[in-house]
Amino acid sequence: MQKYLKNQAQRAVECLILPHFCIIMKFYWTDKFNFIFNKITFGRVVNALKVFASFHLTKWVGKPVQWGLPVTISIEPTTACNLRCPECPSGLRAFTRPTGNLKADFFRKTLDELSDHLLYLIFYFQGEPFIHPGFLEMVRYAAQKKIYTITSTNGHFLSDEMARKTVESGLDRLIISVDGTSQEVYEQYRIGGNLEKVLEGAHNVVRWKKQLGSKTPHIIFQFLVVKPNEHQIAEIQALAKKIGVDEVKLKTAQIYDYADGSPLIPSIEKYSRYEKTPEGDYRVKNKLLNHCWKLWHACVITWDGMVVPCCFDKDASHRLGDLKTQEFRKIWKGEKYSYFRKKLLKGRNEIDICTNCTEGCKVWG
């Protein structure tokens with residue numbers, strides 16, 4: 001057992017403490033150095049090792065063991081969105097939970113409680129973050145606490161002024177969704193979107209990085225691969241290079257009603273989360289293993305303070321605590337969280353948000 005935990009700790013140093021789990025940032029040294037030299041502290045390393053070890057001990061003994069606090073938290077600035085994407089609850093206006101904006105004082109209080117342990121703070125869950133009028137002030141507050149900050153945007157609000165403020169805020173990573181290289185293809189998924197405006201916004205951020213001599217944010221074009229745009233993969237890579245974007249990420253699409261097929265499921269197999277069965281229907285490719293790294297190292301906080309297990313719980317149906325009435329530590333170590341982890345270890349196929357998930361099984365062995 002001692003040898004096992006020692007080996008897992010070593011792997012944590014190699015794969016968890018180094019930014020983005022040694023995969024996402026493999027060839028992006030500026031971003032990697034920013035993380036290593038500006039974000040890592042002794043306390044955060046110790047916490048990450050505790051989390052990593054407890055996850056693998058859980059797999060070893062078959063019962064939930066939870067040491068430390070989350071390494072990553074996603075917090076939702078707003079549920080509002082300007083687009084109507086067909087596989088997004090914000091776009092479909094399909095929430096049953098309340099909609100609204102994250103309050104700045106609540107955000108600061110929550111971050112003050114967690115900042116000594118956090119490596120990453122993701123300003124995104126549902127909605128478009130830049131719609132929140134105080135969004136970049138919250139980014140600035142997190143940046144002052146030396147936390148690696150990330151957001152994902154549809155790119156329609158990156159005016160010249162907003163692009164400058166984004167760079168000045170200290171945001172470390174800016175993910176811009178660009179799901180097509182022509183308006184005709186782009187708007188098939190990003191319904192209501194304007195590709196020219198998105199590309200102009202990306203140009204603005206690139207230009208202000210240069211003008212201000214800033215190495216951040218690391219700019220990513222995220223290309224959600226669906227059947228209507230799969231023929232433009234090479235084009236999006238060329239377009240990103242032309243603009244000066246740092247990276248292109250190809251993302252597989254989650255389809256809600258996939259069993260009978262969907263016009264969005266790519267024909268290029270490696271970009272599809274689903275495969276056709278001999279009977280002619282579709283199923284999730286990856287095997288659902290009865291453990292999930294996300295339940296040990298991360299969680300999601302909605303705009304109104306609800307703590308939910310992960311980003312697949314888009315309607316916050318599995319509420320594990322309420323930060324308006326409870327401290328985060330008590331929620332994280334509490335009965336509801338423990339029960340949810342136990343339930344997951346017994347069978348992920350019995351938890352609705354897990355059945356269409358490709359994330360939980362992607363952990364080192």
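Refer to the structure above for everything that follows.
To keep things clear, this report deals only with the structure shown in the data block. Keep in mind it's a predicted model, so treat the numbers as computed, not measured. (Residues numbered from 1 in each chain as written. Predicted model: local features only at pLDDT ≥ 70, side-chain atom pairs only at ≥ 80, totals over all residues. Heavy atoms only, no water.)

Some points on unusual backbone geometry
Phase 1 of the analysis: Along the chain, Thr 216 connects to Pro 217 via a cis peptide bond; the corresponding omega equals 0°.
Phase 2 of the analysis: With respect to the element layout, Pro 217 can be found in the loop between helix H9 (195–212) and strand E5 (218–225).
Phase 3 of the analysis: The backbone phi angle of Lys 146 is positive, close to 60°, even though this residue is not glycine.
Phase 4 of the analysis: The topology assignment puts Lys 146 in the loop between helix H6 (135–144) and strand E3 (148–153).
Phase 5 of the analysis: Its identity as a non-glycine residue notwithstanding, Ala 316 has a phi of 55°, on the positive side. (Helix = DSSP H or I, 4+ residues; strand = E, 2+ residues; numbered from the N terminus.)

A closer look at the environment of Gly 201
Phase 1 of the analysis: For Gly 201, the position within the fold is in helix H9.
Phase 2 of the analysis: Classification of Gly 201 by relative accessible area gives buried; the value is 1%.
Phase 3 of the analysis: As for Gly 201 and Ile 176, which are separated by 25 residues in sequence, their C-alpha atoms are 9.4 Å apart. (Buried < 20%, exposed > 50% of the residue type's maximum accessible area, 1.4 Å probe, protein only.)

Notes on the sheet that holds E5
Phase 1 of the analysis: With mixed pairing, the nine strands of this open sheet are ordered in space as E6-E5-E4-E3-E2-E1-E9-E10-E11. Strand pairing shows two members of the sheet lacking a second neighbour, strand E6 (247–252) and strand E11 (321–322), which therefore form its edges.
Phase 2 of the analysis: Bridge count for strand E2 (residues 120–123) against E3 is four bridges, and the pairing is parallel. By the bridge assignment for E3, Ile 122 is matched with Ile 150.
Phase 3 of the analysis: The strands touched by helix H2 (residues 29–38) within the sheet are E2, E3, strand E4 (173–177) and E5, with E3 carrying the most contacts at an inclination of about 135°.
Phase 4 of the analysis: The sheet contacts of H6 involve E2 and E3, and relative to E2 the element is tilted by about 180°. (Pairing = 2+ DSSP bridges. Contact = heavy atoms within 4.5 Å. Axes fitted to C-alpha atoms, helices over the stretch in contact; angles between N-to-C directions.)

Remarks on the environment of Leu 289
Phase 1 of the analysis: Topologically, Leu 289 is positioned in the loop between strand E8 (282–284) and helix H11 (294–297).
Phase 2 of the analysis: Overall, the relative accessible area of 29% leaves Leu 289 in the partly exposed class.
Phase 3 of the analysis: C-alpha of Leu 289 to C-alpha of Leu 345: the two residues are 56 residues apart in sequence and 8.6 Å apart in space.

Description of the nonpolar core
Phase 1 of the analysis: Among the nonpolar cores identified, the biggest contains 93 residues, and Phe 107, Leu 121, Phe 123, Ile 176, Phe 221 and Phe 328 are the most heavily contacted of them.
Phase 2 of the analysis: It is H9 that contributes the most residues to this core, seven residues altogether.
Phase 3 of the analysis: Not counting residues within four places of it along the chain, the set of residues in contact with Phe 221 comprises Ile 176, Val 178, Leu 199, Ala 202, Ile 236, Ala 240, Ile 243, Val 245, Glu 247, Val 248 and Lys 249. (Core = buried A, V, L, I, M, F, W, Y, C linked by side-chain atoms within 4.5 Å.)

Let's talk about the pattern of salt bridges
Two side chains bearing opposite charge may form a pair once their charged atoms approach each other closely.
Phase 1 of the analysis: Summed over all chains, the structure comprises twelve salt bridges.
Phase 2 of the analysis: The closest approach of N and O atoms between Lys 39 and Asp 172, which form a salt bridge, is 3.2 Å. With Lys 39 in the loop between H2 and helix H3 (42–61) and Asp 172 in the loop between helix H7 (160–169) and E4, this pair connects stretches of sequence that are 133 residues apart.
Phase 3 of the analysis: On the accessibility criterion, Lys 39 (6% relative accessible area) is buried. (Salt bridge = Lys/Arg side-chain N within 4 Å of Asp/Glu carboxyl O.)

Some details on the pairing of E6
Phase 1 of the analysis: Bridge count between E5 and E6: six bridges; the pairing is parallel. Considered in E6, the bridge of Val 225 is made with Thr 252.
Phase 2 of the analysis: Once you follow E5 into helix H10 (residues 233–243) and on to E6, the crossover reads as right-handed. (Right-handed = clockwise from strand over helix to strand, strands pointing away.)

Some remarks on a nonpolar patch on the surface
Phase 1 of the analysis: There is a patch of nonpolar side chains on the surface, built from Trp 29, Phe 33 and Phe 37 and spanning about 390 Å² of accessible area.
Phase 2 of the analysis: By the element assignment, Trp 29 lies in helix H2.
Phase 3 of the analysis: For Trp 29, a relative accessible area of 48% translates into the label partly exposed. (Patch = residues over 30% accessible without salt bridge, like charges linked within 9 Å, V, L, I, M, F, W, Y side chains within 5 Å. Areas by Shrake-Rupley, 256 points an atom, 1.4 Å probe, with all protein chains shown as cover.)

Structural notes on the side chain of Glu 247
Phase 1 of the analysis: With respect to the helices, strands and loops of the structure, Glu 247 is situated in strand E6.
Phase 2 of the analysis: One buried charged side chain, Glu 247, makes no salt bridge at all; its nearest oppositely charged neighbour is Arg 173, positioned 4.1 Å away. (Lys, Arg positive; Asp, Glu negative; His and termini not counted.)

Details of a negative patch on the surface
Phase 1 of the analysis: On the surface, a cluster of negative charge is made up of Asp 257, Asp 260, Glu 279 and Asp 281.
Phase 2 of the analysis: Here Asp 257 is to be found in the loop between E6 and strand E7 (274–276).
Phase 3 of the analysis: Judged by its relative accessible area of 68%, Asp 257 is exposed. (Charge placed at Lys NZ, Arg CZ, Asp CG, Glu CD.)

Regarding the packing of helix H5 (residues 104–114) against H6
Phase 1 of the analysis: Running from amino to carboxyl end, H5 crosses H6 at an angle of 20°, the nearest separation of the two axes being 11 Å. Taken together, the axes of H5 and H6 lie roughly parallel to each other. H6 is crossed by H5, and the crossing has right-handed handedness. Residues Ala 104, Phe 107, Arg 108, Leu 111 and Asp 112 of H5 touch H6, and the partners they reach there are Met 138, Tyr 141 and Ala 142.
Phase 2 of the analysis: Partitioning the contact of H5 with H6 into residue classes produces six nonpolar, no polar and two charged. (Parallel < 35°, antiparallel > 145°, perpendicular 65-115°, else oblique. Left-handed = near helix turned anticlockwise from the far one by under 90°. Nonpolar A, V, L, I, M, F, W, Y, C, P; charged D, E, K, R; others polar.)

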